[in-house]
Amino acid sequence: MAIEIIIADITQLDVDAIVNAANPGLLGGGGVDGAIHRAAGPALLEACRALPQVSPGVRCPTGMARITSGFALPARYVIHTVGPVWRGGRAGEPALLASCYRESLRLARSRGIAGIAFPAISCGVYGYPPEQAAAVAIAALRDDLREHGDLRVLLCCFDARMAAVWRAALSPA
Ligand code: APR
């Protein structure tokens, strides 16, 4: 299974698509969302603003994904997905997080994308415990790749501590 853990700034990756850990409004924010918008340039915000609102102020519901060009980024596409805010684990967070990975891969395949990089969705501002997020994400990715065919998947951690957590989840001792 072509899942690789790397430590990098996702905005620097020369891959077909990078995934953005966005919020439902898709109009930017902090964390990786802010970094991607800064690196992609203002055209990314314009493209996101042009996406239809499915309800007032919501362009991408939690667990779903949207795709835009990458504009000034090395990556050709940005797949924006909205992870769940951690509320203790009994509000459907694992299923919603798994859906972010599945929906991102579904969109990637629809565009013939062969390589995709994910940040640690929901593991920052949204407070998802990294160990639990990693287990959910890797299980969802493995199931999807087995069922729908292989893609090159990079799990892009921003620091060594996070990478250690994800590496442990990828190949438990
Ligand atoms: N490259 C790779 N990973 C990054 C980068 C980067 N340049 N910048 C931050 N990260 C990591 C964080 O360290 C964290 O592990 O991305 C992970 C996700 O953290 P957040 O960006 O805070 O995303 P999330 O927890 O999903 O919260 C989403 O934060 O920025 C806002 O608009 C966003 O409201 C949304 C919320």
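See the structure printed just above.
Just so we're clear, the structure is a prediction, and the values are computed from it rather than from any experiment.

What counts, and at which threshold
- Residues numbered from 1 in each chain as written.
- Predicted model: local features only at pLDDT ≥ 70, side-chain atom pairs only at ≥ 80, totals over all residues.
- Heavy atoms only, no water.
- 1 Å grid on protein atoms, 1.4 Å probe; cavity = no way out; pocket = protein on both sides within 12 Å on 5 of 7 lines; lining within 4 Å.
- Points joined across faces, edges and corners; volume = space filled by probe spheres on them.
- Helix = DSSP H or I, 4+ residues; strand = E, 2+ residues; numbered from the N terminus.
- Nonpolar A, V, L, I, M, F, W, Y, C, P; charged D, E, K, R; others polar.
- Axes fitted to C-alpha atoms, helices over the stretch in contact; angles between N-to-C directions.
- Parallel < 35°, antiparallel > 145°, perpendicular 65-115°, else oblique.
- Left-handed = near helix turned anticlockwise from the far one by under 90°.
- Contact = heavy atoms within 4.5 Å.

A look at the layout of surface pockets
Working step 1: Computed from the structure, the largest pocket encloses a volume of approximately 580 Å³.
Working step 2: What lines the largest pocket is a set of 27 residues, and nearest its centre among them are A21, G31, V32, D33 and G124.
Working step 3: Breaking the lining of the largest pocket down by element, the ones donating at least two residues are α1 (31-40) and β6 (152-157).
Working step 4: Among the elements that line the lining of the largest pocket, the one with the most residues is α1, at four residues.
Working step 5: Among the residues making up the lining of the largest pocket, the classes are represented as 16 nonpolar, eight polar and three charged.

Quick notes on the packing of helix α4 (residues 130-148) against helix α5 (residues 160-170)
Relative placement of two packed helices is described by the angle separating their axes and the distance separating the axes.
Working step 1: Interhelical geometry of α4 versus α5 gives an angle of 45° and a closest axis separation of 9 Å. On the basis of their axis angle, the class for α4 and α5 is oblique. As α4 packs across α5, the resulting crossing turns out to be right-handed. Contacts between α4 and α5 involve P130, E131, A133, A134, A135, A137, I138 and R142 on the former and, on the latter, M162, V165, W166, A169 and L170.
Working step 2: Classifying every residue of the contact of α4 with α5 gives eleven nonpolar, no polar and two charged.

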